[in-house]
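Understanding the architecture of this molecule
Here is how the chains run, residue by residue.
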Amino acid sequence: MTGRRRTRTLLPAHHRPAKARALSAGALAACASIAVGCGVVPGTTGGSGDDPITVMTWAPEETKATNKPGMPALALAYARWINSKGGINGRKLKVLTCNDHNDTVSAANCARRAVDENVVAVVGSYSQHARSFFSPLEAAGIPYLGGYGVTDDEFTSPLSYPVNGGQPALLAGLGQQLARNCGPVTLVRPDTIAGDELPVLLDSGLSAAGHKAAVDQRAAEDATEYSGHADQALRRVTADPTEEGCVVPALGDRTDTFMDSFRRAREAYPTVRTASVLGSVDQSVIDSTGSAYEGSYVTGWYPASRDKRWKPMREVIREEAFGDNRIDESDPGVQTTWVAYTVLRKAVESLGDGEVSSRTLRRTLDDGLKINTGGLTPTLSWSFDDLTAVSGFPRLVNSDVSFQVVRKGQLVSARKGFVNVSKVLENTEAS
């Protein structure tokens, strides 16, 4: 999991001065098409009639920090699947992909590529650099549908249509889950500006359930080992032998690296539990580490990955991406992309034989279209009446999280149904 940069002021699109510009040759290469071997379902720009519907999905790949290659990979698989069924309302779906490289320049280049290609939406994507990519999208009126939820801008931009509660909901929910089960809590999180927001959100959940705040322990997000941090966290949560403490590593792709150090260090200390959020821990990580996560508490946005509600996604992966090791069905990024494309399909279907464009997509979503995701989320709608009252997150429509736990090596539901954390988020103190 990666933290978020806090933004509190909503800047209307007409105040954003950035304009669409042509991409550099490097960005063009990053977003090249399948037709030349690099990632697009062939077709042309979507509009009306029989023209393909063009969208884009981006995420970081092959970087030293958080990577989400499964998101664009699933988007391409989804397009192959839907096109094999005749497309959406008879129109083919054309998916462009882009690597944002976890940096501001590449993120902006991906957005400018989307503008240059006249996409109707950016769908099911991940980027920490919202300030770089939203300006080009807003200037062109392109909706950002189903982002991962890693930045505050995804919950403030009028062109953003989030499908989950993002990092705010995960951390607030985890705090509630731990308050019922843990003594002292230590959060080990990235020593970054984005990471600075994580303690506030975790503590909001803890305090809502009457638990004292967690100890905030910073660590480098790209370290190769964390033995010192593991020892420090263990000393803190075992200071009182009458209480079973919890250590919460929230280091994104480096969480597993931390757990390697933690597994060796914990033998010298009393029993403690670990906890995290999906994105830092998922079933594939648990499978690769033996019993290291046994008993761990995990908070997610969606049902556990083995839930029958994921069957349609699993079938698409099996039919169109069998053997593609970039796609992990338990990864919340992949799951978010699936939900986002489900929303896209239903929004396009609602337009019938009419024009499919960024403008018509925004209009149908803003007008209160109700979208059922098969129980993976509550019914989604972004009309004014459906927006929550969470201060600082005006585009938030889904505040539900799922409580999960690792039992016998499997990530399973710890509580039936979803837990809504909107009240906790409403009371979160603005930083």
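Just so it is clear, the model here is predicted, and its values are computed rather than measured. (Residues numbered from 1 in each chain as written. Predicted model: local features only at pLDDT ≥ 70, side-chain atom pairs only at ≥ 80, totals over all residues. Heavy atoms only, no water.)

Moving on, we come to the overall build of the chain. In terms of regular secondary structure, the chain is built from 13 helices and 13 strands. The buried share of the chain, reckoned over its 431 residues, is 61%. Put simply, 69% of the contacts in the chain that link residues at least 6 apart link residues at least 24 apart. For the chain, the computed accessible surface area is about 16,400 Å², with 48% contributed by carbon and sulfur atoms. (Helix = DSSP H or I, 4+ residues; strand = E, 2+ residues; numbered from the N terminus. Buried < 20%, exposed > 50% of the residue type's maximum accessible area, 1.4 Å probe, protein only. Contact = heavy atoms within 4.5 Å. Areas by Shrake-Rupley, 256 points an atom, 1.4 Å probe, with all protein chains shown as cover.)

Take helix H10 (residues 311-320) next. Among all positions in H10, only Met313, Val316 and Ile317 are buried. For H10, the angular spread of buried residues about the axis comes to 100°, placing them on one side. Tucked into the core, H10 has its buried residues touching helix H2 (70-84) and helix H11 (332-350). (Arc of directions from axis to C-beta.)

Among the residues of helix H12 (residues 358-366), Ser358, Thr360, Leu361, Thr364 and Leu365 are the ones counted as buried. Across the axial projection of H12, the buried residues extend over an arc of 170°, all falling on one side. Next to the buried residues of H12 lie strand E3 (121-123), helix H4 (130-140), strand E4 (144-145), strand E5 (160-161) and H11. Of the residues trailing H12, glycine 368 is marked for its positive phi of about 100°.

Taken in spatial order, the 5 strands of this open sheet run E2-E1-E3-E4-E5, and their pairing is parallel. Each edge of the open sheet carries a strand with a single partner, namely strand E2 (93-99) and E5. Alignment of E3 against E4, held across 2 bridges, turns out to be parallel. Bridged to valine 123 within E4 is leucine 145. Sheet strands touched by helix H3 (residues 104-116): strand E1 (53-59), E2 and E3. Its angle to E1, the strand with the most contacts, is close to 175°. (Pairing = 2+ DSSP bridges. Axes fitted to C-alpha atoms, helices over the stretch in contact; angles between N-to-C directions.)

Enumeration over the complete set of coordinates arrives at 17 aromatic pairs. Grouped by ring-pair contacts, the aromatic residues Tyr126, Tyr148, Trp301, Tyr302 and Trp310 constitute a single cluster. Stacked on the ring of tyrosine 161, the Lys or Arg arginine 395 has its end atom at 4.9 Å from the ring centre. (Phe/Tyr/Trp six-rings, centres within 6.5 Å; stacked < 30°, edge-to-face > 60°. Lys NZ or Arg CZ within 6 Å of the ring centre and 35° of its normal.)

Below, the discussion takes up the nonpolar core. One finds Val55, Leu93, Leu178, Val185, Tyr341, Leu344 and Trp382 to be the most contacted residues of the largest nonpolar core, which totals 83 residues. The element contributing the most residues to this core is H2, with 10 residues. The contacts of tyrosine 341, once residues within four sequence positions are left out, are Val55, Thr57, Ala75, Tyr78, Leu93, Val95 and Val123. Ala219, Ala230, Ile286 and Ala292 belong to the second largest nonpolar core, which has 24 residues in total. (Core = buried A, V, L, I, M, F, W, Y, C linked by side-chain atoms within 4.5 Å.)

Across all of its chains, the model carries 2 disulfides by this definition. With its sulfur 2.1 Å from that of its partner, cysteine 98 forms a disulfide with cysteine 110. The disulfide joining cysteine 98 to cysteine 110 has a torsion of about -85° about its S-S bond and is therefore left-handed. With cysteine 98 in strand E2 and cysteine 110 in helix H3, the pair connects residues that are 12 residues apart, well separated along the chain. A sulfur-sulfur distance of 1.9 Å marks the disulfide that ties cysteine 182 to cysteine 246. Between cysteine 182 and cysteine 246, the disulfide has an S-S torsion of -75° and is therefore left-handed. Here cysteine 246 lies in strand E8 (residues 246-249) and cysteine 182 lies in the loop between helix H5 (166-179) and strand E6 (185-190), a separation of 64 residues in the sequence. Given a relative accessible area of 10%, cysteine 182 falls into the buried group. Judged by its relative accessible area of 0%, cysteine 246 is buried. (Disulfide = S-S within 2.5 Å.)

Moving on to the pairing of E2. Along any regular strand, the residues point their side chains to alternate faces of the sheet. Among the 7 residues of E2, 7 are classified as buried, and the element is accordingly described as predominantly covered. Of the two faces of E2, the one carrying Leu93, Val95, Thr97 and Asn99 and the one carrying Lys94, Leu96 and Cys98 are both buried. Sheet analysis places E1 next to E2, joined by 7 bridges and oriented parallel. Among the inter-strand pairings, valine 55 is bridged to a residue of E2, identified as valine 95. The handedness of the E1 to E2 crossover, carried by H2, is right-handed. (Right-handed = clockwise from strand over helix to strand, strands pointing away.)

Position of aspartate 253 relative to the elements: it lies in the loop between E8 and helix H8 (255-265). With a relative accessible area of 32%, aspartate 253 lands in the partly exposed category. Non-local contacts of aspartate 253, meaning those with residues more than four positions away in its chain, are made with Ala65, Thr66 and Asn67.

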